[in-house]
Amino acid sequence: MATRKTTKKPNVSAEELLSYYRDMLLIRRFEEKAGQLYGMGLIGGFCHLYIGQEAVVVGLEAATKDGDKRVTSYRDHGHMLACGMDPNGVMAELTGREGGYSKGKGGSMHMFSKEKHFYGGHGIVGAQVPIGAGLAFSDKYKGNDNVTFTYFGDGAANQGQVAETYNMAQLWDLPVVFVIENNQYAMGTSVKRATKSPDFWERGAAYGIAGEAVDGMDVLAVKEAGEKAVAHCRAGKGPYILEVMTYRYRGHSMSDPAKYRTREEVQKMREERDPIEQVRGLLLTGDHATEDQLKEIDKEIKTIVNASADFAKESPEPALDELWTDIYAAEIPQEVN
Amino acid sequence: MATQILMPALSPTMEEGTLAKWLVKEGDTVSSGDILAEIETDKATMEFEAVDEGIVGKILIAEGTEGVKVNTPIAVLVEEGESADDVATAPAEAPAAEPEPSVAVSASQPAGGPGASPGRVAAKALEPDWPEGTPMKEQTVREALRDAMAEEMRRDGDVYLMGEEVAEYQGAYKISQGLLDEFGSKRVIDTPITEHGFAGLAVGAAFGGLKPIVEFMTFNFAMQAIDHIINSAAKTLYMSGGQMGAPMVFRGPNGAAARVGAQHSQDYAAWYMQIPGLKVAMPYSASDAKGLLKSAIRDPNPVIFLENEILYGRAFEVPAMDDYTVPFGKARIWREGTDVTIVSFGIGMQYALEAADKLAEDGISAEVIDLRTLRPMDTDTILQSVMKTNRCVTVEEGWPQGSVGSYISSVIMQQAFDYLDAPVINCTGKDVPMPYAANLEKLALVTTAEVIEAVKQVTYR
């Protein structure tokens, strides 16, 4: 595994580290709460938690600028929180309420925010990949220097449309970072049971696309790789592939007993590689924060998450006439730039 | 022995062409593979090669001649010492000279009376969508579609065209002819053969604020892309609670062309018509092709625009207006009648109108409705007509089960049951994959005769 290691003492400010800690913790606690609400029957259908993968989106969001776009699969809660969407609106969408980002009509897998340039939330494995290239196409067409982050998993990486998209993205020099979140399992199928060419980023070479693998449990390594990728795209050099080696602690979805891997494997990853614990360690050993300060942050996050759960429970179900709205647009929705 | 060189059929739908240029002259010796002439078809200018060796004895059709029918003798090839006149005394018996016309060729004969030139449609709709006194020009469906795209691209810089062979090749069916020259490679984009990918990419571009026109070389190939058409384009507005959608057009030829077999001959009207979030247009005439395509490009929703290869070369009167658009969801009555309502759309209109002409000779007065758009569908116009005629026949090329006609039948049954004097009959393509053999293909397609028979059944004649 050609992952990058951050053995050297990171050149990063306390402020920055604290913000990563806060952002990752928000995702972790939010997802734990979503799991609880699912167990209580308040969230229905499919619900795919992001626990364990937090460093991926937090690291990459740190490499973005205003105007950059992002699009991902159905494991999307983390991406939405990381790009600044309101936890209340996300949680209320999970509970299918009026206050949700899609007024309760999208659900866990289908959420969007034009304001935050978050283009979903796509339920069909791999479908977001050409869509992401298309978003990048629109920016190139308009002549700005925005970059689109297109996230997909190791499972989607085997989809034919990914290969089609690589080809077009490189052919047309599209400013898109393809982020392969390799969490080792496509639902229950481990990478080695799905492909004999397990270095997904290297597939880009067949199309002339630059790329690399990076340790996705290390938020600083992810951010550094993200900055390199973004610089490549903004310079007009076309797409870039980042294969981010990560791990999901929970099952594929809430109904997955995860029998395809051992408890020990998960436990080892949690104990040795946990992205939040790594930053916590850096904060404490580098004297950037005290235990008390971190406890204070934990408390803040808990308050935000509890508030989102309360909001998601109290927000009313959508009005019945919402069934018939938003099927056709009467006017073209205005682009927010 | 002297042999005739015949005007070749250089595309599946070619009925006639222009003999653009002779590259040989009388007296030249030619051998197999030599280029004899340039022939302009409905799709492209093609080089025409010699098959046999010989001397060009006589050129029968001068260069520059338009409308030369397929299989017309265009030159005579002689052997050493022979005269071109030898062939004139012995009528050619080349098997291809008088072929049994394939159904597509015969079906494409104009509805007009004697004297109407091939490819021109004489029938005119009642109540046109343009003001009285508007000057008209004759235009093929192909030209109308191109003009619609060009006009909309001039009007809105966010509109762009992408697809296979749309730019440098000028369109596989010449629909995008000239667009690359006018708008450049930024806005007229050749894609790799990658329907799933470029359809998805265009959806992303639409989310990003552009208004893509995606050309599928045929809608048969759009099956590779149907996930993005339905899951990504059609559903996103709803799934996002109205925040973002896909203002775009997916267009291309749909349905049977001629002799291209099962995988290239499917009519998808009923499939796409079923999807909430999509709009579906399927024009018959050139004026509707133009007006509806312009409306489709402006529409903030994903539109499926189903064209027809056989209709591309058909000419109709098109209003010469600066900005001619046709609204979605408004059917057009082509012919008023009192005894039966015939409802169709797209190329089905040809059978409907032909049938109505022949039925009139038998004293049966048929009202012919062209739906023009299938979603939204103007069921009001159908119902009003059926309430008047009390009988209805639907005509389409697609398959019978789950057809457009079966939906229309259910609407009529639920909303005008008491007005019906006979069961509605759906004339459709046969429930088989399209065969290649000319005789079987003819059997598989819906025919004018079947429409006439259906009308006679519902009118108890």
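Please refer to the structure placed before this passage.
Thresholds, definitions, all that
Residues numbered from 1 in each chain as written. Chains lettered and ligands numbered in written order. Predicted model: local features only at pLDDT ≥ 70, side-chain atom pairs only at ≥ 80, totals over all residues. Helix = DSSP H or I, 4+ residues; strand = E, 2+ residues; numbered from the N terminus. Rg over C-alpha atoms; globule rule 2.2 N^0.38 Å. Contact = placed C-beta atoms within 7 Å. Nonpolar A, V, L, I, M, F, W, Y, C, P; charged D, E, K, R; others polar. Buried ≥ 20, exposed ≤ 12 C-beta atoms within 10 Å, placed from the backbone. Core = buried A, V, L, I, M, F, W, Y, C linked by C-beta atoms within 7 Å. Pairing = 2+ DSSP bridges. Right-handed = clockwise from strand over helix to strand, strands pointing away. Expected span 1.5 Å × (residues − 1).

Give a detailed account of the overall build of chain A, specifying residues and quantitative values.
A count of helical and extended segments in chain A gives 11 helices and eight strands. Computed over the C-alpha atoms, the radius of gyration of chain A is 19 Å, within 12% of the 20 Å expected from 2.2 N^0.38 for a compact globule of 337 residues. The principal-axis extent of the C-alpha atoms belonging to chain A is close to 55 × 50 × 40 Å. In chain A, the proportion of contacts linking residues at least 24 apart, taken out of those at least 6 apart, comes to 76%.

Provide a residue-level description of the interface of chain A and chain B, including the pertinent values.
Across the boundary between the two partners, chain A contributes 36 residues, which contact 33 residues of chain B. Of all elements in the fold, only α5 (128-142) and α6 (160-171) of chain A reach the threshold of two or more residues within the side of chain A that touches chain B. In terms of residue count, α5 of chain A provides more of the side of chain A that touches chain B than any other element does, 10 residues in total. Here the residues of the side of chain A that touches chain B are counted per class, giving 17 nonpolar, 11 polar and eight charged.

Residue-level account of unusual backbone geometry, with values.
Of the consecutive residues Gly-120 of chain A and Gly-121 of chain A, the connecting peptide bond is found in the cis state with omega at 25°. As for its placement among the helices and strands, Gly-121 of chain A is situated in strand β2 (residues 118-121). For Glu-165 of chain B, which is not glycine, the phi dihedral falls at a positive 65°. Along the chain, Glu-165 of chain B turns up in the loop between β10 (159-163) and α4 (179-183). Judged by the 17 C-beta atoms lying within 10 Å of it, Glu-165 of chain B is partly exposed. Located in the positive-phi region is Asn-390 of chain B, a residue other than glycine, with phi close to 70°. Secondary-structure assignment places Asn-390 of chain B in the loop between α12 (379-389) and β21 (392-395).

Help me get a handle on the nonpolar core, residues and values and all.
Here is a general trend for soluble globular proteins: nonpolar side chains tend to be buried in one another's company. Val-177 and Leu-242 of chain A together with Ile-342, Val-393, Val-451 and Val-455 of chain B are the most contacted members of the largest nonpolar core, which has 202 residues in total. Of the residues forming this core, the biggest block, 10 residues, is contributed by helix α1 (residues 14-39) of chain A. Those residues in contact with Val-455 of chain B that sit more than four places away from it in its chain are Val-340, Ile-342, Ala-355, Leu-359, Ile-364, Ala-366 and Val-393 of chain B. Listed in part, the 15 residues of the second largest apolar core include Ala-2, Val-30, Leu-36 and Leu-77 of chain B.

Outline the pairing of β21 of chain B, supporting the account with residue identities and numerical values.
Residue and element names in this part refer to chain B. Where burial is concerned, the two faces of β21 agree: the one with Cys-392 and Thr-394 and the one with Val-393 and Val-395 are both buried. Across three bridges, strand β18 (residues 340-344) lies against β21 in parallel orientation. Residue pairing in the sheet places Val-343 in a bridge with Thr-394 of β21. Bridge count for β21 against strand β22 (residues 425-427) is three bridges, and the pairing is parallel. Bridge pairing in β22 places Val-395 opposite Cys-427. Chirality of the crossover, the property in question, places the unit of β21, helix α13 (residues 404-416) and β22 among those that are right-handed.

Explain the sheet that holds strand β6 (residues 54-59) of chain B to me, using residue names and the numbers behind them.
All names here are of chain B. The strand order β1-β8-β6-β3 describes an open sheet built from four strands, whose pairing is antiparallel. A single partner strand is all that each edge strand has here, and the edge strands are β1 (3-6) and β3 (29-30). Judged from the two bridges that link them, β3 and β6 form a sheet pairing that is antiparallel. Among the inter-strand pairings, Val-30 is bridged to a residue of β6, identified as Gly-54.

So what about helix α3 (residues 141-155) of chain B? Which residues, and what values?
Taking 1.5 Å as the rise per residue, α3 of chain B with 15 residues should run 21 Å; its terminal C-alpha atoms sit 21 Å apart, in good agreement. When we look at burial in α3 of chain B, the residues that qualify are Val-141, Arg-142, Glu-143, Ala-144, Leu-145, Arg-146, Ala-148, Met-149, Glu-152 and Met-153 of chain B.

Spatial relationships are all this shows, so hold off on functional conclusions.
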